[in-house]
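# Descriptive structure summary
Okay, here's what each chain looks like letter by letter:
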Amino acid sequence: MAEEDYGTFVDWNLMGDLAKSSGPTKVDCKELKEFKQMARQGNWAKNHKLRAQVYQQLIKSIPCRTVTPDAEVYRDIVGEAATKKLSSHIPLPEFVDGNPVPRYCLKADAVASAHRIINCIAGQFPDISHCPSLPAITSLLLHFSKDEAQCFEHVSRMLACNEPGKRLLDQTFLAYESSCMTFGDLANKYCTAAHKLIVATAQDVLEVYADWQRWVLGDLPFSHMVRVLDVYLVEGYKVLYRVAIALLKFYRKHKMGSQGGQNQQQQDSGKIRADIQAFVKGIGSTVTPDKLLEKSFSIRLINRKEITLLQLTNEKSLQQKGITVKQKRRNVQLALNPDTFSSEIVSTKEMRDIWSWIPERFALCQPELLFTTSTHGCSLNRFYSHCEGHEPTLLLIRTTDGDVCGAFLSSDWEERKRGGNKLSYFGTGECFVFRLKPEMERYEWVVIRHPELASAIRPEGQEDSAASEGQNADESLQQPDKPPGDLSPFLAARHFNLNSKNTSMFMAGNFDSIIVGGGGDSNALYIDAELNHGHTGRCTTFDNPPLCKESFQISLLEAWGFQDTMAQ
């Protein structure tokens with residue numbers, strides 16, 4: 001490709017150091033593994049011409065649908081229109097959701113070219129209903145295309161990718177919205193400090209996280225975005241999650257530095273969104289492109305298969321709620337209306353803090369009191385009868401010493417019956433335990449913090465059973481298998497090859513006790529049949545310290561369900 005071919009749309013005066021070519025002039029590589037290593041190392045980052053050649057090779061290798069529009073299709077449709085209509089005011093399709101075409105060091109008239117390309121794509125891909133990232137991707141690929149037709153072909157191949165398990169761009173509102181929920185789940189689990197900051201300062205966390213894709217595809221400076229694109233074209237969608245989480249980490253560091261670590265007052269979510277956007281746009285003053293990628297790939301995430309499973313689970317949840325097309329976002333805080341919410345154990349603010357920890361697909365639900373010892377009495381049988389049929393549930397305990405602790409329990413208590421008369425563990429890795437008083441802290445499944453404990457997907461047919469070593473627990477505790485047809489929730493233990501079975505003892509119950517968290521020398525929570533006395537200690541599953549005084553007396557116990565507000 002001649003130099004004039006790939007620089008047609010570029011305003012070289014805006015490119016700075018990127019306008020200078022240095023380093024390798026060709027890439028002799030055909031294996032994906034080699035491309036992955038070279039992309040992360042920035043092998044073609046200092047040579048615009050080489051980058052263009054590599055991008056074309058990568059995009060050409062994308063497996064696509066049999067009938068995928070190419071450059072000739074674009075030329076046939078547009079004809080001479082490219083020379084007649086140079087206005088950038090050609091309206092973009094509704095499916096870009098109002099997102100403009102980023103300039104990305106392009107000439108002014110190149111923005112009009114992007115508008116034409118996107119409108120032509122709208123005609124050739126009638127199934128696209130929501131694709132807010134398309135303007136940014138089109139603008140980026142214009143840098144490395146000899147003309148509009150070639151850029152159209154490149155974008156079309158990305159949209160038409162049909163490789164199993166690989167996706168490059170969201171094309172429906174359902175896929176986009178579930179990706180926002182998935183990002184919230186990942187931020188909650190792998191970016192805890194920054195997530196706490198957003199919860200403390202923004203009135204609506206979901207509204208803030210709805211911008212996560214735009215942070216990467218739209219707000220990042222071109223010098224940073226093009227390095228992300230290097231890796232994204234090789235490794236796919238998961239790169240966007242990693243980079244967005246890294247940006248959230250850097251934002252938190254920036255706020256802690258500017259505020260001196262002081263707590264901020266809660267603000268309108270729009271202000272927080274604007275603040276993050278301004279930070280990302282100006283990130284070049286403090287974070288280099290290589291430093292951003294280094295941070296992104298130092299995050300120890302659950303593997304791609306588990307991320308995909310979470311995405312599918314979130315999509316299923318949205319479908320069940322009837323949310324498949326764009327609609328006004330419901331503020332998560334409305335689910336905790338102080339005029340209607342009432343608990344004898346926690347305040348509305350404390351419940352909102354707990355709500356920020358739960359999986360995103362339950363964010364549109366509101367808390368529903370299922371059982372309380374103050375009304376229903378101290379009976380384990382009554383506890384079961386009120387909680388069965390509800391999934392998930394939230395357990396809250398106040399001790400006679402005034403301590404408050406509890407657990408988020410992902411599975412229906414009715415599952416305890418599958419073990420027969422034996423005390424049987426069930427649940428998934430979405431379970432967690434926490435304490436609120438004297439201080440607030442959450443303890444998640446140990447595998448989330450230490451992925452090395454789950455080395456691989458468990459081979460089919462391998463049995464899933466474990467014996468508890470926990471105090472007050474039956475020595476013959478078993479973990480019953482889930483029905484083979486079920487869509488397993490995110491972090492189901494059967495998807496992992498665990499080095500120790502004691503790391504997946506989530507919840508158990510029978511006629512004389514409730515247990516949350518097993519393995520090691522104790523349980524995270526043990527509660528007797530009278531719901532009167534309990535015990536807490538460190539367990540292997542959550543690696544938690546005692547949640548309160550080790551042997552405690554229960555002053556009040558509440559169980560909460562999640563009421564689907566969309567179904568009413």
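Residues numbered from 1 in each chain as written. Predicted model: local features only at pLDDT ≥ 70, side-chain atom pairs only at ≥ 80, totals over all residues. Heavy atoms only, no water.

### Some points on the overall build of the chain
Note the cut-off: What counts as a helix is a DSSP run of H or I of at least four residues, what counts as a strand is a run of E of at least two, and both are numbered from the N terminus. Exposure categories follow from relative accessible area, calculated using a 1.4 Å probe and restricted to protein chains: below 20% of the type maximum is buried, above 50% is exposed, and the middle band is partly exposed. Contact definition: two residues touch when any of their heavy atoms are within 4.5 Å. Reported accessibility uses the Shrake-Rupley method at a 1.4 Å probe radius. Residues are deemed covered only where the shown protein chains occlude them.
When helices and strands are counted, the chain shows 21 helices and 11 strands. The buried share of the chain, reckoned over its 568 residues, is 57%. In the chain, of all internal contacts separated by at least 6 residues, the share reaching a separation of at least 24 is 75%. For the chain, the exposed surface amounts to about 24000 Å²; the carbon and sulfur share of it is 47%.

### Considerations on the packing of helix H12 (residues 212-219) against helix H15 (residues 269-281)
Selection rule: Between N-to-C directions, angles cover 0 to 180 degrees, with each direction set by a line fitted to C-alpha atoms, over the stretch in contact for helices. Helix crossings get a hand from a simple test, with the near helix turned counterclockwise from the far one by less than a right angle marking a left-handed crossing and a clockwise turn marking a right-handed one. Amino acids outside the nonpolar list (Ala, Val, Leu, Ile, Met, Phe, Trp, Tyr, Cys, Pro) and the charged list (Asp, Glu, Lys, Arg) are all regarded as polar, and Gly is one of them.
Viewed as axis vectors pointing N to C, H12 and H15 meet at an angle of 35°, and their least axial separation amounts to 10 Å. Between H12 and H15 the crossing geometry is right-handed. Contacts between H12 and H15 involve Arg214, Trp215 and Asp219 from the former and Ile276, Gln277, Val280 and Lys281 from the latter. Here the contact of H12 with H15 is composed, by residue class, of three nonpolar, one polar and three charged.

### Comments concerning the packing of aromatic side chains
Geometry of an aromatic ring pair is reported as the spacing of the ring centres plus the angle between the planes. The condition that has to hold: Two rings from Phe, Tyr or Trp (for Trp, the six-membered ring) form a pair when their centres sit within 6.5 Å of each other. Planes less than 30 degrees apart are called stacked, planes more than 60 degrees apart edge-to-face, and all others tilted.
Applying the stated criterion to the full structure yields 24 aromatic pairs. Considering the side-chain rings of tyrosine 74 and phenylalanine 152, the 5.2 Å spacing of their centres and the 35° angle between planes classify their relative orientation as tilted. Note that tyrosine 74 is positioned in helix H4 (residues 71-78) and phenylalanine 152 in helix H8 (residues 148-159), a separation of 78 residues in sequence. Since its relative accessible area comes to 4%, tyrosine 74 is described here as buried.

### Section: the side chain of glutamate 148
Applicable threshold: Here a polar contact is taken to be a pair of N or O atoms separated by no more than 3.5 Å, where protein atoms must pair a possible hydrogen donor with a possible acceptor and residues adjacent in sequence count only if both atoms sit in side chains.
Structurally, the position occupied by glutamate 148 is in helix H8. A residue is classified by how much of its surface remains accessible, and glutamate 148, at 9% relative accessible area, is buried. Of the polar contacts made by the side chain of glutamate 148, one reaches the side chain of tyrosine 74; its length is 2.4 Å.

### Observations concerning the pairing of strand S9 (residues 525-528)
Just so we agree on the cut-off: Two strands qualify as a pair provided that DSSP identifies no fewer than 2 bridges between them.
Of the two faces of S9, both are covered, the one formed by Leu525 and Ile527 as well as the one formed by Tyr526 and Asp528. Sheet topology note: the strand S8 (residues 513-516)/S9 ladder contains four bridges and is antiparallel. Across the sheet, residue serine 513 finds its bridge partner in S9, namely aspartate 528. As judged from the two bridges shared by S9 and strand S10 (residues 533-535), these two strands associate in the antiparallel manner. Within S10, the position partnered with tyrosine 526 by the bridge is histidine 535. In this structure, the hairpin formed by S9 and S10 is closed by a connection of four residues, where leucine 531 is found at a positive phi of approximately 50°.

### Overview of the side chain of serine 410
Mapped onto the elements, serine 410 comes out in the loop between strand S3 (404-409) and strand S4 (425-426). What makes serine 410 buried here is its relative accessible area of 9%. Engagement of the side chain of serine 410 in a polar contact is seen with the side chain of threonine 428, the distance being 3.0 Å. With residues up to four places along the chain from it excluded, the contact list for serine 410 reads Glu391, Pro392, Gly427, Thr428, Glu430, Cys431 and Met507.

### Focus on the pairing of strand S2 (residues 393-399)
Along S2, six of the seven residues are buried, which leaves the element largely enclosed by surrounding structure. Note: S2 against S3, six bridges, orientation antiparallel. Bridge assignment links arginine 398 to a residue of S3, and that residue is valine 404. Following S2, the chain reverses through four residues before pairing antiparallel with S3; glycine 402 in that reversal takes a positive phi of roughly 90°. Pairing of S2 with strand S11 (residues 551-564), which is carried by six bridges, proceeds in the antiparallel orientation. Across the sheet, threonine 399 pairs through a bridge with isoleucine 554, a residue of S11.

### Here we look at the packing of helix H6 (residues 108-124) against helix H7 (residues 134-142)
What counts here: In what follows, roughly perpendicular refers to angles from 65 to 115 degrees, roughly parallel to angles under 35, roughly antiparallel to angles over 145, and oblique to any angle outside these ranges.
Direction vectors running N to C along H6 and H7 enclose 125°, while the axes themselves pass 10 Å from each other. In this view, H6 runs oblique relative to H7, as classed from their interaxial angle. Along this stretch, H6 crosses H7, giving a crossing that reads as right-handed. When H6 is examined against H7, the residues Ala110, Ser113, Ala114, Ile117, Ile118 and Ile121 are found in contact with a partner set consisting of Leu134, Pro135, Thr138 and Leu142. Across the contact of H6 with H7, the residue classes tally to eight nonpolar, two polar and no charged.

### Section: the nonpolar core
Rules: The definition of a nonpolar core used throughout is a set of buried Ala, Val, Leu, Ile, Met, Phe, Trp, Tyr and Cys residues joined through side-chain atoms within 4.5 Å.
Of all hydrophobic cores here, the largest spans 143 residues; its most connected members are Phe183, Ile198, Trp215, Val216, Leu220, Tyr232 and Phe383. Setting aside chain neighbours within four positions, we find phenylalanine 183 in contact with Tyr209, Trp212, Trp215, Tyr241, Ala244, Ile245 and Leu248.

### With respect to the pattern of salt bridges
Close approach of charged atoms allows side chains with opposite charge to pair. Using the following cut-off: What makes a salt bridge here is a side-chain nitrogen of Lys or Arg within 4 Å of a carboxyl oxygen of Asp or Glu, nothing more.
If you walk through the whole model with that rule in mind, you get 22 salt bridges. The salt bridge partner of lysine 349 is aspartate 353, with a shortest N-O separation of 3.2 Å. Separated by four residues within a single helix, lysine 349 and aspartate 353 lie in helix H18 (residues 348-355), roughly one turn from each other. Lysine 349 gets classed as exposed once you look at its relative accessible area, which sits at 59%. One network of salt bridges, in which partners are shared, links Arg51, Arg227, Asp230 and Asp290.

### Some details on unusual backbone geometry
Cis geometry marks the peptide bond from glutamate 391 to proline 392; its omega dihedral reads 0°. Following the sequence through the fold, proline 392 ends up in the loop between helix H20 (380-387) and S2. A positive phi angle, near 60°, is found at aspartate 97, a position not held by glycine. By the secondary structure assignment, aspartate 97 is in the loop between helix H5 (81-84) and H6.

### Quick look at the environment of glycine 16
Its location among the elements puts glycine 16 in the loop between helix H1 (3-6) and helix H2 (32-41). C-alpha of glycine 16 to C-alpha of serine 223: the two residues are 207 residues apart in sequence and 9.4 Å apart in space.

### Concerning H12
With six of eight residues buried, H12 is to be regarded as a mostly interior element. For H12, the set of buried residues is Trp212, Gln213, Trp215, Val216, Leu217 and Asp219.

### Description of the environment of glycine 123
Assignment of secondary structure puts glycine 123 in helix H6. A C-alpha to C-alpha distance of 9.8 Å links glycine 123 and proline 93, two positions 30 residues apart in sequence.

### Side note on helix H17 (residues 304-320)
Rule in force here: The span you would expect from a helix comes to 1.5 Å times its residue count less one.
In a regular helix each residue adds 1.5 Å, so 17 residues correspond to 24 Å; H17 covers 24 Å between its end C-alpha atoms and thus fits that length. All buried positions along H17 are accounted for by Glu306, Ile307, Leu309, Leu310, Gln311, Thr313, Asn314, Glu315, Ser317 and Leu318.

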